[in-house]
Amino acid sequence: MMNLDIQYLQQKRDFYKTQLLENTIPFWFPRSIDQEHGGYLLMRDQDGSLIDTDKAVWIQGRFAWLLATLYNTVEPKQEWLDGAKTGVDFLLNKCFALDGQMYFHVAQDGQPIRKRRYFFSETFAAIALSAYAKATGDPFYEEKAKEIFNTCLQYASGEKQIPAKFENTRPTKGIGIPMIMTNTAQQIRETIHDSRCDEWIEKWITEIEQDFVKDDIRCVMEQVSPEGEIIDHIDGRTLNPGHAIEGAWFILHEARYRNNDPHLIKLGCKILDYMWERGWDKEHGGILYYRDVYNKPVQEYWQDMKFWWPQNETIIATLLAYLMTGNEKYKTMHQKIHDYAYSHFLDKEHGEWFGYLHRDGSVAQGAKGNLFKGPFHLPRQEWYCMQIINEYLTLQS
């Protein structure tokens, strides 16, 4: 029996619940509902005022998922369910091209602006629809979720290709697809119980372990050759510690689902350890954005900035590792990343978090929402941490 610090866990549970329900969600909801066109208006300045009416399709799906998930797991508030519906309907009615691929970026009324060469819009639509299907019991949304998930499986397996403008002469594969598909399948499994999920999750985690985790240099690669080898060029050497740490908690989540599978606990903690060593800024605190596997210069100029979302993913991963192992090391790591993040990113005047800090922790710009930042990583972190601590404390009582 692990001897965890119950008082610490209770304090953090109460903190995350308060932040989520009294700070983070009220910043976005209900002001972001687009009453005219459906969906959400999420590109917002520090004080919540609108800076652009365009809509990032990723974040339309993410916010619809969040609202439906809050309804399913926190409190069945009708306003959350209604808010989720405006998102899922906008996704279905406005965000698919005639060829079936989803857009990445649309105008306020849904007029298309751009697609991208990956299918992450589809993954977020799938989890939004599945969470809404669970909330309503409506078979229409369940079938749509399974349809979109099936398309994601076709893209991920290579059965279906998104057209390329130019064939890459240096083929690579990234950790992003097995990672995001693992989490997508986990969400689908928990809401609408698709029978394909377990087998696919096993395949994706095996791919991550075999091709991206490099034990000899204590590292997790962001991209590798098709054979799983390190590519010794600038792009191939670039690491994204927060992204790999997000993958670590997906794997630890899977370990919990499998009755604390010891192999997956070891794998998830190993990924966390390797990338904390690579990403934690020993001088200023926080998780750095990019690193080079051999400590050479990184191409992207924002490489030493602190973005909001790697901190969120590291808060989850360190807490999960502590809950699942009882190792005090992970409690210390969790306290460090929690204290850094909430003392630097939290906007005490207007609520929510700043998205982008310089390395020294000063705010780079005040926007709370843009094409990439919106109500997802932060509220997911606060919701998930609250939930897993609650589950643990319930078992102890």
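Residues numbered from 1 in each chain as written. Predicted model: local features only at pLDDT ≥ 70, side-chain atom pairs only at ≥ 80, totals over all residues. Heavy atoms only, no water.

**Student:** Describe the overall build of the protein chain, naming the residues involved and giving the relevant values.
**Tutor:** Counting its secondary structure elements, the protein chain contains 13 helices and 14 strands. Taken over C-alpha atoms, the radius of gyration comes to 20 Å for the protein chain, in line with the 21 Å a tight globule of 397 residues would show. For the C-alpha atoms alone, the extent of the protein chain along its principal axes is close to 55 × 50 × 45 Å. Residues counted as buried form 59% of the 397 residues belonging to the protein chain. (Helix = DSSP H or I, 4+ residues; strand = E, 2+ residues; numbered from the N terminus. Rg over C-alpha atoms; globule rule 2.2 N^0.38 Å. Buried < 20%, exposed > 50% of the residue type's maximum accessible area, 1.4 Å probe, protein only.)

**Student:** Can you explain the packing of helix H3 (residues 78-94) against helix H5 (residues 139-157)? Please cite residues and give values.
**Tutor:** One way to put it is that H3 packs onto H5 with a least axis distance of 13 Å and a crossing angle of 50 degrees. Taken as axis vectors, H3 and H5 run oblique relative to one another. Relative to H5, H3 is oriented so that their crossing is left-handed. Note on element contacts: H5 touches H3 through Phe 140, Tyr 141, Lys 144 and Ile 148, opposite Lys 85, Val 88, Asp 89 and Leu 92. Tallied by class, residues from the contact of H3 with H5 come to five nonpolar, no polar and three charged. (Axes fitted to C-alpha atoms, helices over the stretch in contact; angles between N-to-C directions. Parallel < 35°, antiparallel > 145°, perpendicular 65-115°, else oblique. Left-handed = near helix turned anticlockwise from the far one by under 90°. Contact = heavy atoms within 4.5 Å. Nonpolar A, V, L, I, M, F, W, Y, C, P; charged D, E, K, R; others polar.)

**Student:** Before we move on, can you summarise the pattern of salt bridges with the specific residues and values?
**Tutor:** Taken as a whole and assessed by the stated rule, the structure comprises 28 salt bridges. The salt bridge involving Arg 380 is made with Glu 313; its shortest N-O contact spans 3.1 Å. Highlighted residues: Arg 380 in helix H13 (residues 377-396) and Glu 313 in helix H11 (residues 308-325), separated in sequence by 67 residues. The class for Arg 380 is buried, based on a relative accessible area of 3%. Linked by salt bridges that have partners in common, Arg 189, Asp 198, Glu 202, Glu 254 and Arg 258 make up one network. (Salt bridge = Lys/Arg side-chain N within 4 Å of Asp/Glu carboxyl O.)

**Student:** Describe in detail the packing of aromatic side chains, supporting the description with residues and values.
**Tutor:** Throughout the structure, instances matching the rule amount to 36 aromatic pairs. A centroid spacing of 6.1 Å and a plane angle of 55 degrees characterise the contact between Trp 58 and Tyr 118, whose relative ring orientation is tilted. Separated by 60 residues along the polypeptide, Trp 58 in helix H2 (residues 57-73) and Tyr 118 in the loop between strand S5 (112-114) and helix H4 (120-136) bring together distant segments of the chain. For Tyr 118, a relative accessible area of 29% gives the class partly exposed. In this arrangement the basic side chain of Arg 62 is found over the ring face of Phe 124, its NZ or CZ atom lying 4.4 Å from the centre. Sitting above the plane of the Tyr 257 ring, Arg 189 keeps its charged end 3.4 Å from the centroid. (Phe/Tyr/Trp six-rings, centres within 6.5 Å; stacked < 30°, edge-to-face > 60°. Lys NZ or Arg CZ within 6 Å of the ring centre and 35° of its normal.)

**Student:** Help me get a handle on the nonpolar core, residues and values and all.
**Tutor:** One finds Leu 9, Val 220, Ile 271 and Trp 353 to be the most contacted residues of the largest nonpolar core, which totals 135 residues. Filtering out sequence-adjacent residues up to four positions away, Val 220 remains in contact with Ile 175, Phe 212, Val 213, Leu 239, Ala 244, Ile 271, Tyr 274 and Met 275. (Core = buried A, V, L, I, M, F, W, Y, C linked by side-chain atoms within 4.5 Å.)

**Student:** Explain empty space enclosed by the protein to me, and be specific about the residues and the numbers.
**Tutor:** Inspection of the entire model under this criterion finds two cavities of 30 Å³ or more. Reported here for the largest cavity is a volume of approximately 70 Å³. If you go around the largest cavity, the residues you meet are Trp 65, Ile 127, Asn 183, Gln 187, Trp 249, His 253, Phe 376, Arg 380, Trp 383 and Tyr 384. Looking at the lining of the largest cavity, the elements that each hand over two or more residues are helix H6 (176-191), helix H9 (241-257) and H13. (1 Å grid on protein atoms, 1.4 Å probe; cavity = no way out; pocket = protein on both sides within 12 Å on 5 of 7 lines; lining within 4 Å. Points joined across faces, edges and corners; volume = space filled by probe spheres on them.)

**Student:** With reference to specific residues and values, describe the state of the cysteines.
**Tutor:** Inspection of every chain in the model, using the stated rule, returns zero disulfides. Cys 152 forms no disulfide, and the closest cysteine sulfur to it belongs to Cys 197, at a distance of 11 Å. Owing to a relative accessible area of 0%, Cys 152 belongs among the buried residues under this scheme. Free cysteine: Cys 385, not disulfide-bonded; nearest cysteine sulfur from Cys 269 at 15 Å. (Disulfide = S-S within 2.5 Å.)

**Student:** Any chance you could break down the sheet that holds strand S13 (residues 356-357) for me, citing the residues and the numbers?
**Tutor:** Strand order in the open sheet formed by three strands is S12-S13-S14, and the pairing between neighbours is antiparallel. Since the sheet does not close on itself, it has two edges, and those belong to strand S12 (306-307) and strand S14 (363-365), each with one partner. Here S13 runs beside S14; their pairing, made up of two bridges, is antiparallel. Looking at the pairing, Leu 357 lines up with Val 363 of S14. (Pairing = 2+ DSSP bridges.)

**Student:** Before we move on, could you go through the environment of Tyr 392 and cite the residues and values that matter?
**Tutor:** Along the chain, Tyr 392 turns up in helix H13. Take Tyr 392: its relative accessible area is 11%, and that puts it in the buried class. The spatial distance from the C-alpha of Tyr 392 to the C-alpha of Asp 281 is 31 Å, given a sequence separation of 111 residues. Apart from the residues within four sequence positions on either side, Tyr 392 is in contact with Met 2, Leu 4, Ile 6, Leu 9 and Leu 323.

**Student:** Describe helix H7 (residues 197-212), naming the residues involved and giving the relevant values.
**Tutor:** For H7, built from 16 residues, the straight-helix expectation of 22 Å at 1.5 Å per residue is met to within 8% by its first-to-last C-alpha distance of 22 Å. Of the positions making up H7, those classed as buried are Cys 197, Ile 201, Trp 204, Ile 205, Ile 208, Asp 211 and Phe 212. Within H7, the buried residues cover an arc of 155 degrees as seen down the axis, which keeps them to one side. Among the exposed residues of H7, those pointing more than 90 degrees away from its buried face are Glu 199 and Gln 210. (Expected span 1.5 Å × (residues − 1). Arc of directions from axis to C-beta.)

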